[in-house]
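Notes for the structure review
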Protein chains: 2
Amino acid sequence: MLRTHTCGELRPEHIGQTVTLCGWVQRTRDKGAILWIDLRDRYGLTQIALEEGVEAENVRETARNLGREFVLSVTGKVVERHSKNDKIPTGSIEIRPTELTILNPAKLPPFLIEDETDGGDDLRMKYRYLDLRRTPVRNNLMLRHKMAQAVRRYLDGQEFIEVETPVLIKSTPEGARDFVVPSRMNPGEFYALPQSPQTFKQLLMVSGFDRYFQIVKCFRDEDLRADRQPEFTQIDCEMAFVTQEDILNTFEGLTRYLFKEIKGLDFPTVPRMTYADAMRRFGNDKPDTRFAMEFVELTDIVKGQGFPVFDNAGLVVGINASTCAHFTRKQLDELTDFVKRPQIGATGLIYARVEAGGMVKSSVDKFYSQEELQRWKAAFHANEGDLLLIIAGEPNKARKAMSELRLEMGQRLGLRNKEDFSPLWVVDFPLLEYSEEENRYFAMHHPFTSPKPEDLALLDSPDTIGQVRANAYDLVINGVEVGGGSIRIHDRAVQARMFGLLGFSEEEAKAQFGFLLDAFEYGAPPHGGIAFGFDRLCSLFGGADSIRDFIAFPKNNSGRDVMIDSPSPISGAQLKELSIATAVVAK
Amino acid sequence: MLRTHTCGELRPEHIGQTVTLCGWVQRTRDKGAILWIDLRDRYGLTQIALEEGVEAENVRETARNLGREFVLSVTGKVVERHSKNDKIPTGSIEIRPTELTILNPAKLPPFLIEDETDGGDDLRMKYRYLDLRRTPVRNNLMLRHKMAQAVRRYLDGQEFIEVETPVLIKSTPEGARDFVVPSRMNPGEFYALPQSPQTFKQLLMVSGFDRYFQIVKCFRDEDLRADRQPEFTQIDCEMAFVTQEDILNTFEGLTRYLFKEIKGLDFPTVPRMTYADAMRRFGNDKPDTRFAMEFVELTDIVKGQGFPVFDNAGLVVGINASTCAHFTRKQLDELTDFVKRPQIGATGLIYARVEAGGMVKSSVDKFYSQEELQRWKAAFHANEGDLLLIIAGEPNKARKAMSELRLEMGQRLGLRNKEDFSPLWVVDFPLLEYSEEENRYFAMHHPFTSPKPEDLALLDSPDTIGQVRANAYDLVINGVEVGGGSIRIHDRAVQARMFGLLGFSEEEAKAQFGFLLDAFEYGAPPHGGIAFGFDRLCSLFGGADSIRDFIAFPKNNSGRDVMIDSPSPISGAQLKELSIATAVVAK
C-alpha cells in the first residue's frame, strides 16, 4: 500500500513511529508559525502539523499551497498533540511530516464536503462522487453493506441458498410497466427487465431448492415520486413445504437478527394484526404503531341529534389526542386545513376538549348536550386535558383522512422518533381488489397468491368474491411497508382459475405463464415467500425518510442520472442493428 | 413446517420417533408383500417401506398408485432397516408410514431426473425446473452459493464495502456491443446495461470508498459461443492508494481462501509470469501450467540445412512430448491433422523420436544429419523415449498452433486433471493492440488502464507505441482466465491522451466520459482493481468445462430462454409509450 496506516488508526501507542498516510485535505489552518492540515480518508481524520524552524521549509512551502480536497501522501513521525481533541479517535496525536507529496491536486469543489453541505440536490447529484465523500452519505452506504452482509449471514445459517435469476426475461401485462430490451439476435422481439424474480423463485421451489433467497435488482418503469427509483433492490425469499406461520417466524427471525446486529436492539415477538383490524383501528394497512391513538368509532353514539354532517355520514370516527386540550384555535385551524387538503379529502374536522373538572367543550355544542358529550368522552376513554378529533364521511374516505390526521398528530407530539422501532405483521389481506376504472378485479398482492382455503367457496359468487382473504402478509415497521409476501398457489387448476378471475383468456394465460402452469403439473410443492424492499429497509435503519441517500448513484424524478447524463441518444447504426427506430427526432 | 425432518436427516438415533417428511418420489419398488418408496428432497433420500399386513391397506393402496416425482407428505415411525445401504447417510433407517398424503401429483417427466439423464440439451433447457432437480446441477448451484458467500466473507474481512452500482447506465462506443433500454420518460433516449461497473467503481475510489467490491450482473450483446452468456456475473473489485503488488497480494489471498474453504486445498504463493514470457514459453497469454511441456525455440539451430519449411519460417518452435516416442503413425497423423485445422492454422507438423540408445529419428531425416538431430535433442533436454513435435511458420501463428498442440498433448497424456489446480499471475500486458481491420490501436484491457511509468516515453513515437506495457494483470488457472485488472489512470491529462490514442476526438471523449475526466480534477487517488468472471470461476471449482450448468436459468446460443420463451414481441401500445417502432414485422 502507498500508506502504512489509515487516517483513523493512529493512537498514543504509535507515538515515535514513522508512518505514511494518504488522504484528502479536509482543511488547512495557517497560523504563520504553525500550519495544520486535517487529512481525511474513509477511516477518519488525522492532524498534520508543520512548525516553523522544525519541519523543513520546502515541506512547509508545499503545505502552504494546498487546497481543499487535494490528495496527499504524508510521511512523518507520530507525536503527542499539545491540545488534544477528544471528539475524534486520533485526537491525541499528530504527524510531523518529513515528506509531503501531492498525489493529485483538486479544483475547488462546487459544494462543501462537510456533514452539512451547502450543495442543493441537483448539484449534489451531478457531482455525486463528491457528495459520496461526505461522512453521512458514506455511512449510509456502509450501513447498507453491513445490512446486506447480515442478511446473507442469517439466511445462509438457515440453509437458504442464494440463486441468481435472470435479468433479461419476458414482458408480462400484469403488474407495473416493464422496461424492455430489444433483442438484436431476435429482431422485433424484446426482453423485459424483472419487476421481481417471482416466477423464477417459484420454479426454484418446483426444482426442490427448498429455501431460496437473493438480494436482487428489480425494475419498474413507473412515474417517479420522491421515494421511488426505476431500479431498486429486493431481498427476495421463498420456502417450500411451509405454512404462513413458518414464513412469519423465519422472517421475524431475520428482522430481529438485523435489529440486534445493526442497531443493538432486542425485540420481543412481532405482533400480528389482520388487515381488517388495521383498517378499523388505524385506517391504514401499514399502521405506525410507535404510538396508539387508535380510532374510536362514534357513528352509533352521535347520530340522530340533528347534526347533518354526522347524520348523513357512513362513518364517524375519532382519535383521542391525549393532553392536547391546550391546542389553540390557530392550531386547530391548521389541523382542519390539513384534513381538507385535496389529497386527504375530509370535508371538515370536529373537535372536543375535555376541560378541567371533566366538562366537554366541542365545536358542535349546539347539537349535543353535555350528557351526550360525556358519552363521547367515555367512548374515547378521555380524561381531563384530552383533545378529541373527529371526522365524518364515506367510511373509506373518513378512515383514510383520519389515518393521515393521526400520523400528523403523532408527528406533532413527537411520538414518531426515528430511533424507536415498532414492527408489525399485517395478515389476511384481501385476495382481490376491484378497479372501478378498469371494471375488473386485480390481485391485491399478485396473481400467484393463494386464497385462504376456508374462503375458497366465496370465489364462486360475484357478490362475495371481494371478501376472499389471501394467505398474504406484510411486515410493517413504523408505518412503512418493508416487506410483503404470500403463500402461493401450487395447483395448476387454481392458478388457471385465478388468471381467469383476473381477466386473462386461456390463450393469454398460456402465452404469458404457460411455463409456470406446466411446472405445476410436474410435482410442485406447497410454497410461499416474501420480498423486502432493501433500499427502504436501509433508510429505515439509517433513520432517514428518503431512500435516495442509501443508493450510491440514484436517478432523479425524470429517471435521469445527471452525473453520467443518461439516458442518451444512441447511434443510427445501433438502432439499425437492433431493428428498431425511434419515433421522435433524436436530440 | 409441513415436515419434522428433511429427507437427509434421519439416523439410527431417531429410531422409534414418529416423523413427517415431505419430498418427491424418486422411485417405487413393489415386491407384492413389501412396497418401497425412495423419497427425495434437496437434503437427501429416505426409504419408506410398506409391508402387507403391517402398514394399513389404504396407505399401501395410495403408495401403489404413486408415480415418479409425485410430491408427498409421509408420517410414520423411524425403524431400523433390515438390509442397510451404506452409500447414503440415511441408509440405516426407513419409515413405516401411518399416513401418506399426495401434496401434488406429477406427470411423467420428459427426461430422467437422475445424475445421468437421457434428456438432450434442448429438452433440459425447456424444462429447466426439472433439470435443476438433478443432484449434479443442484450441487453446482449450491457450490456457487458457497463461493459467493466465501467471497463476501473474505472481502468484508479485508474492509471492502459492497456497493451496488446502477444497471441502467449509458451506452458507450468502446468495448463490446451494449444492450439498450428505451426510456419512456425521455423519448428517443436509451439507457444501456453495464458491460461492467468500471467507471462507477473508479468514481467510488474518487469518493474515498477506498476498498469496493460487488458481485454483479454484467451484459454484453455479442454473438454467443458455447461458453458465453449475454448476462454474466463478475466479482468486481477496486482499491485506492495501491500499487499493482498490493492488488496481486490481496486477490491472491482471496484465491487461496476460496481454494481452502471450498476445495480444502492449501496453495503456496501464486507464481507470476510476464505476458512476454507466457507468449514465448507457452504461446498463450493464459497458459495451462498444470504441466510443463514448454516451448523450445529451434530457429537458429535448424536453419540453413536446405529444408525450405524451416528456412523460410520466422519461427521454428517445438515441444518435448516426454515418453511419447511410442506414438504410432496413425496417432502422429491425427496430430498433424489437428494442427492443420483452419482454426489452428499450421501448415504441417514435424516430429522426431528419441529411440532406444539415444538415436534421433525424425520425419525430415533427409535434411538433417544425426549430429544435427542430436543438437535438437540437447535443445529439448530430451531423453530416450521422448517425442519432439515441431511447427514452423510466421512467429505468432506458429506459437498459437503450438499452444493448441501442447494443450492437446496435455489432454492426451492425462496432464489436465480437473482436480489439479495451477493458478498463475500473468503480468505486464501490452497497453495497446493494433487492429489491422480498423487501422487503429485498441486498449488491450480497457481505456482506463495506466501505462507503466517507465514506458511512458514510448507513447511518443508511432514506432514504439505498441511496445508500451500496462500495469495490467490476469489471474489464470488451468489455462482459464478467471480474472483480470489493472492499475488505472488517475490523471486527467493522461486519460485524455489515452482517449486520443484510441481515436476519440476531444468532443467524443467529453460526451462519453466527461464525468470521469471531471472527477479526476477533484482529487482522484491512485487506484486499481480487478474483476473475476464468477460463472467461470464456479465452473472451474466445480470441475466442469461449461459455465451453463452453473447458471440457474441460462440462455441458449441464440440468446433465448426457451423455458419462458423470451425474448418475445411486445404490444403496439408498449412500443408507442416508448416512442419506438420495430423495423421488422412482429411475429
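Residues numbered from 1 in each chain as written. Chains lettered and ligands numbered in written order. Predicted model: local features only at pLDDT ≥ 70, side-chain atom pairs only at ≥ 80, totals over all residues. Heavy atoms only, no water.

Note the threshold: UniProt positions are given in the numbering used here, feature names are shortened, and annotations may be inferred rather than shown by experiment.
Going by an unreviewed UniProt entry, chain A carries the name Aspartate--tRNA ligase and comes from Hymenobacter arizonensis. UniProt annotates chain A under Subunit (unreviewed entry) with the comment "Homodimer." According to UniProt, the comment filed for chain A under the heading Subcellular location (unreviewed entry) is "Cytoplasm".

1. Quick look at empty space enclosed by the protein
Quick note on the threshold: Cavity: a set of points on a 1 Å grid over the protein atoms alone where a 1.4 Å probe fits but cannot get out. Pocket: an open set with protein on both sides within 12 Å along at least five of seven lines, its lining residues, like those of a cavity, having an atom within 4 Å of a point. Grid points are joined across faces, edges and corners, and a volume is the space filled by probe spheres set on the points. Helix and strand assignments follow DSSP, with helices taken as H or I runs no shorter than four residues and strands as E runs no shorter than two, numbered in order from the N terminus. Ten residues, namely Ala, Val, Leu, Ile, Met, Phe, Trp, Tyr, Cys and Pro, are considered nonpolar, four, namely Asp, Glu, Lys and Arg, are considered charged, and the remaining ones, Gly among them, are considered polar.
One pass over the full model with this rule turns up nine cavities of 30 Å³ or more. By volume, the largest cavity amounts to about 480 Å³. In this structure, the largest cavity is lined by 30 residues; those nearest its centre are A:Ile215, A:Val216, B:Arg152, B:Ile215 and B:Val216. Breaking the lining of the largest cavity down by element, the ones donating at least two residues are α4 (135-157) and β9 (211-219) of chain A together with α4 (135-157) and β9 (211-219) of chain B. In this structure, the second largest cavity spans a volume of roughly 150 Å³. A:Glu164, B:Arg144, B:Lys217, B:Ile551 and B:Ala552 are the residues nearest the centre of the second largest cavity, which is lined by 20 residues in total. Counting only elements with at least two residues in the lining of the second largest cavity, the list comes to α4 and β10 (231-240) of chain B. Residues belonging to the lining of the second largest cavity are distributed by class as follows: nine nonpolar, four polar and seven charged.

2. Here we look at the packing of aromatic side chains
To be explicit about the condition: Side-chain rings of Phe, Tyr and Trp, where Trp is taken by its six-membered ring, are said to pair if the distance between their centres is within 6.5 Å; with planes under 30 degrees apart they count as stacked, over 60 as edge-to-face, and otherwise as tilted. Residue exposure (1.4 Å probe, protein chains only): buried if accessible area is under 20% of the type maximum, exposed if over 50%, otherwise partly exposed.
Per the stated rule, a full pass over the model turns up 52 aromatic pairs over all chains. The interplanar angle of 85 degrees and the centroid separation of 6.2 Å between the aromatic rings of A:Phe179 and B:Tyr191 together place this pair among those described as edge-to-face. With A:Phe179 in the loop between β6 (161-162) and β7 (180-182) and B:Tyr191 in strand β8 (residues 190-192), this residue pair bridges two chains. Neither A:Phe179 nor B:Tyr191 differs from the other in exposure class; each is buried. Ring plane angle 50 degrees and centroid distance 6.1 Å describe the contact between B:Phe310 and B:Trp376, whose orientation is recorded as tilted. Of this pair, B:Phe310 sits in helix α9 (residues 308-311) while B:Trp376 sits in helix α11 (residues 370-379), and the two are 66 residues apart along the sequence. By relative accessible area, which is 0% here, B:Phe310 ends up buried. Members of the aromatic cluster, connected to one another through ring pairs, are A:Phe307, A:Phe310, A:Phe367, A:Tyr368 and A:Trp376.

3. Considering the UniProt feature "binding site: L-aspartate" (unreviewed entry) in chain A
Residue and element names in this part refer to chain A. The condition is simple: Contacts are residue-level and defined by heavy atoms, with any inter-residue pair within 4.5 Å sufficient.
As annotated in UniProt, the feature "binding site: L-aspartate" (unreviewed entry) corresponds to Glu 174, Arg 220, His 445 and Arg 488 in the numbering used here. Within the fold, Arg 220 resides in the loop between β9 and β10 (231-240). Apart from residues no more than four positions distant in its own chain, Arg 220 is found in contact with Ala 176, Arg 177, Phe 179, Gln 195, Pro 230, Phe 232 and Gln 234. Among the secondary structure elements, His 445 is positioned in the loop between β19 (440-443) and β20 (472-477).

4. Considerations on the packing of α4(B) against helix α15 (residues 534-541) of chain B
All names here are of chain B. Spelled out, the test is: Here, axes are lines fitted to C-alpha atoms. For helices the fit covers the stretch in contact, and angles between N-to-C directions go from 0 to 180 degrees. The sense of a crossing depends on the near helix, which, turned anticlockwise from the far helix by less than a right angle, makes the crossing left-handed and, turned clockwise, makes it right-handed.
The N-to-C vectors of α4 and α15 enclose an angle of 115 degrees; their axes lie 10 Å apart at closest approach. As for the relative orientation of α4 and α15, their crossing is right-handed in sense. Along the contact surface, α4 presents Leu 143, Arg 144, Met 147 and Ala 148, while α15 presents Phe 534, Asp 535, Leu 537, Cys 538 and Phe 541. Considering only residue class, the contact of α4 with α15 consists of seven nonpolar, no polar and two charged.

5. Observations concerning the environment of B:His527
Residue and element names in this part refer to chain B. Condition: Polar contacts, as used here, are pairs of N or O atoms within 3.5 Å; protein pairs need one atom able to donate a hydrogen and one able to accept it. Residues neighboring in sequence count only if both atoms are side-chain atoms.
Structurally, His 527 can be placed in strand β22 (residues 527-533). Since its relative accessible area comes to 0%, His 527 is described here as buried. There is a polar contact of 3.0 Å between the side chain of His 527 and the side chain of Gln 202.

6. Notes on helix α10 (residues 329-340) of chain B
Residues and elements named next belong to chain B. The cut-off we apply is this: One fewer than the residue count of a helix, multiplied by 1.5 Å, yields its expected span. Taking the helix axis as origin, the arc is that swept by the directions to the C-beta atoms.
The first and last C-alpha atoms of α10 sit 16 Å apart over twelve residues, in line with the 16 Å expected at 1.5 Å per residue. Among the residues of α10, Leu 332, Leu 335, Thr 336, Phe 338 and Val 339 are the ones counted as buried. Relative to the axis of α10, the buried residues are bounded by an arc of 155 degrees and lie together on one face. Exposed and facing more than 90 degrees away from the buried side of α10 are Arg 329, Lys 330 and Asp 337. On the buried face of α10, the contacting elements are β14 (350-354), β16 (387-393) and α12 (395-412).

7. Remarks on the pairing of β20(A)
Residue and element names in this part refer to chain A. Put simply, the rule is: In this analysis, strands are considered paired if DSSP registers two or more bridges between them.
The buried count for β20 comes to six of six residues, which makes it a mostly enclosed element. Of the two faces of β20, the one carrying Ala 472, Asp 474 and Val 476 and the one carrying Tyr 473, Leu 475 and Ile 477 are both buried. Two strands pair when backbone bridges link them, and strand β17 (residues 423-427) and β20 are joined in this way by five bridges, in the antiparallel orientation. Across the sheet, Val 426 pairs through a bridge with Asp 474, a residue of β20.

8. Some remarks on the domain arrangement of chain A
Interfaces are frequently sized by the accessible area removed from exposure as the parts join. Defined as follows: As used throughout, domain bounds are those supplied by an automatic or database domain assignment.
Each assigned domain of chain A is listed with its residue range as follows: domain 1 (12-104), domain 2 (291-416) and domain 3 (424-527). A separation of 63 Å is found between the C-alpha centroids of domain 1 of chain A and domain 3 of chain A.

9. Some remarks on the relation of the copies chain A and chain B
The condition is simple: Alignment of copies: least-squares fit on C-alpha atoms of residues with pLDDT of at least 70 in both copies.
The transformation that overlays chain A on chain B combines an axial shift of 0.0 Å with a rotation of 180 degrees, and the residual RMSD is 0.0 Å. Here the transformation between the copies is reduced to the relation of a two-fold axis. Most of the interface of chain A is mirrored in chain B, where 100% of its interface residues again form contacts.

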